[in-house]
Amino acid sequence: MGTLNVLRVRVDSERCQGHNRCCSLAPELFEADELGNARVKGDGKVAAGLEAKAKLAVANCPEHAVRLGNE
Amino acid sequence: MSKHPPVVDWATDFDHRDPRWVENPYPIWDELRGRCPVAHSDRFQDGAYFPSRYAEVREIAYDSEHFSSRRVIVRETKVPPQPAPPITSDPPEHTPARKLLLPAFAPQVIAKLEPRTRALCRELLDAIGDAGTCDGAVDYAQHIPVRLIAHMLGVPEKDGDLFRRWIHLVLEVGISDESVILPTLKEMSVYFATELKRRGAKRGEDLISFLLDAKMDGQPVPEIHMIGTLRLLLIAGIDTTWSGIGASLWHLATHPEDRRRLAADATLMPTAIEEFLRAYAPVTMAREVVKETTVGGCPFKENGQVLLSFPAANRDPAMFADADKVLIDRAENRHAAFGLGRHRCLGSNLARLEMTVAIEEWLARFPEFRLADGAKVTWSEGTVRGPRRLPLALG
């Protein structure tokens, strides 16, 4: 079970209103869809060195739609 | 239309047209947060409420059951609701009206406008040249959104004076004098009906042509909907961003240490722009109470108007550390300048692009500037706050 404790970001699409803060702050982790709402890139895994950017994305989302956790 | 006497008690008789509020509203909001987080005023028809804390502003923004968007400007005398979807739409009509426009304002689409934005900022700076003085609002800030939105709508830039007159009448004069609203909206509707006819004959690469070919819930968009939406795009896209750019220039003109720091270090630009958006958020929205409720322990009575101040929420110390300080490197900034919830400003990506490019280009040309000696800075009144006269000394 080597995948335990993998840090991942996720976007709650019910909450996201497309402020685009996460995409600007952490373009390695988030991108905008065709409506301008955020989605995670790939599987949302936070690569080494991107932890701080992931935290900033969480802390700057006006809708509290960005989550960071171990899965 | 009535004269409005000076306010004695902001908690029970607030008036956002009072010259003290227009000049510097922040101490008033600080006072209210401390002693009466939801102020009230009978100066506006059916009474108006003013929540000054982030928590209540957020709760109301998310609550479309009790608070309708059908009136988005607090007025002394109400006029019948004038639909400008999606800003005036409530669920369930809101979602299709918003989805119709979202693709045209997505960040990857707006990013393509950067070269044009940069070019028009440089043109304006060239025109200011080496005069040594200019008005940062009149000669620079006000033109940027007008020219960009005219380009996006495919209408002549030279109609900018007309657009600014409409906005002044609807958003400022119309708060106290309802008689100007309907004729102005009529004038705008006639203007856009003519443009729609023109595009009907020959499409262009613009938002009016886009609307003509778009589908909403699988159906062509009714003309009355398109006209309301076009009125919205014009009104919402101009003095808001003009105010954001103007307020940023005002801050840099009055805070030399921030100006020098930002001119020397371009990596600060993203946090600086977000901080200007937080601290000088231009846009105050409104709601109408459609079902009696209680927020923050205060009753909101049916038909009451709500001044929904994202600028006040952004200054709440319960939400932001050092809320009254402008920190251009503020890393955590969950500000609400573009609103909260389903009505998040559709043009937020465009506004950020315009503000960022406008300030970058300005600082590249005029890294040294300050308020001109004896400068009388004036601020707009009412729904959108920003400098309207900003005399600067350059170099």
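Because the structure is predicted, anything quoted here is derived from the model rather than measured.

### Structural notes on the overall build of chain B
Consideration 1: Looking only at helices and strands, chain B features 17 helices and 14 strands.
Consideration 2: A compact globule built from 395 residues should have a C-alpha radius of gyration of about 21 Å, and chain B, at 20 Å, falls within 12% of that.
Consideration 3: C-alpha atoms of chain B, sized along the principal axes, occupy 60 × 55 × 40 Å.
Consideration 4: In chain B, of all internal contacts separated by at least 6 residues, the share reaching a separation of at least 24 is 69%.

### Quick word on the overall build of chain A
Consideration 1: Along chain A, the regular secondary structure elements total two helices and four strands.
Consideration 2: Ordering the α and β elements of chain A from the N terminus gives β-α-β-β-α-β.
Consideration 3: Its C-alpha radius of gyration of 11 Å places chain A within 12% of the 11 Å reference for a compact globule of 71 residues.
Consideration 4: Counting only C-alpha atoms and orienting by the principal axes, one finds that chain A spans roughly 35 × 20 × 20 Å.
Consideration 5: Burial status across chain A gives 39% buried among its 71 residues.
Consideration 6: At a minimum sequence separation of 6, the contacts of chain A that also span at least 24 residues come to 64%.

### Notes on the interface of chain A and chain B
How big an interface is tends to be expressed through the accessible area that disappears when the partners come together.
Consideration 1: Each side of the interface is counted separately: chain A has 16 residues, and chain B has 21 residues.
Consideration 2: For the side of chain A that touches chain B, the secondary-structure elements that each account for two or more residues are helix H1 (21-25) and helix H2 (51-60) of chain A.
Consideration 3: Here the side of chain A that touches chain B takes three residues from H2(A), the largest share from any one element.
Consideration 4: Here the side of chain A that touches chain B is built from residues that sort into seven nonpolar, seven polar and two charged.

### Comments concerning the sheet that holds strand S10 (residues 305-309) of chain B
Residues and elements named next belong to chain B.
Consideration 1: Read across the sheet, five strands follow the order S1-S2-S10-S7-S3 without closing on themselves; strand pairing throughout is mixed. Each end of this open sheet is capped by a strand with a single partner; those strands are strand S1 (38-41) and strand S3 (67-68).
Consideration 2: Two elements, S1 and strand S2 (residues 48-51), share four bridges in a ladder whose sense is antiparallel. If you follow Ala39 over to S2, its bridge partner there is Phe50.

### Things to note about the packing of helix H7 (residues 114-128) of chain B against helix H17 (residues 348-365) of chain B
Residues and elements named next belong to chain B.
Consideration 1: Running from N to C, H7 and H17 point in directions that differ by 40 degrees, and their axes come no closer than 9 Å. It follows from the interaxial angle that H7 and H17 lie oblique. Crossing of H7 against H17: the hand is right-handed. On H17, the residues that touch Glu114, Thr117, Arg118, Cys121, Arg122 and Leu125 of H7 are Leu353, Glu354, Val357, Ala358, Glu361, Trp362 and Arg365.
Consideration 2: Taken together, the residues of the contact of H7 with H17 break down into six nonpolar, one polar and six charged.

### Remarks on the sheet that holds strand S11 (residues 369-371) of chain B
Residue and element names in this part refer to chain B.
Consideration 1: The antiparallel open sheet is built from three strands, whose spatial order is S4-S14-S11. At either end of the open sheet lies a strand with only one pairing partner, and these are strand S4 (133-135) and S11. For this sheet, the mean angle separating the axes of adjacent strands, direction not counted, is 30 degrees.
Consideration 2: Note that S11 and strand S14 (residues 391-394) share three bridges and pair antiparallel. Across the sheet, Leu371 pairs through a bridge with Leu392, a residue of S14.

Calculation rules
Residues numbered from 1 in each chain as written. Chains lettered and ligands numbered in written order. Predicted model: local features only at pLDDT ≥ 70, side-chain atom pairs only at ≥ 80, totals over all residues. Helix = DSSP H or I, 4+ residues; strand = E, 2+ residues; numbered from the N terminus. Rg over C-alpha atoms; globule rule 2.2 N^0.38 Å. Contact = placed C-beta atoms within 7 Å. Buried ≥ 20, exposed ≤ 12 C-beta atoms within 10 Å, placed from the backbone. Nonpolar A, V, L, I, M, F, W, Y, C, P; charged D, E, K, R; others polar. Pairing = 2+ DSSP bridges. Axes fitted to C-alpha atoms, helices over the stretch in contact; angles between N-to-C directions. Parallel < 35°, antiparallel > 145°, perpendicular 65-115°, else oblique. Left-handed = near helix turned anticlockwise from the far one by under 90°.

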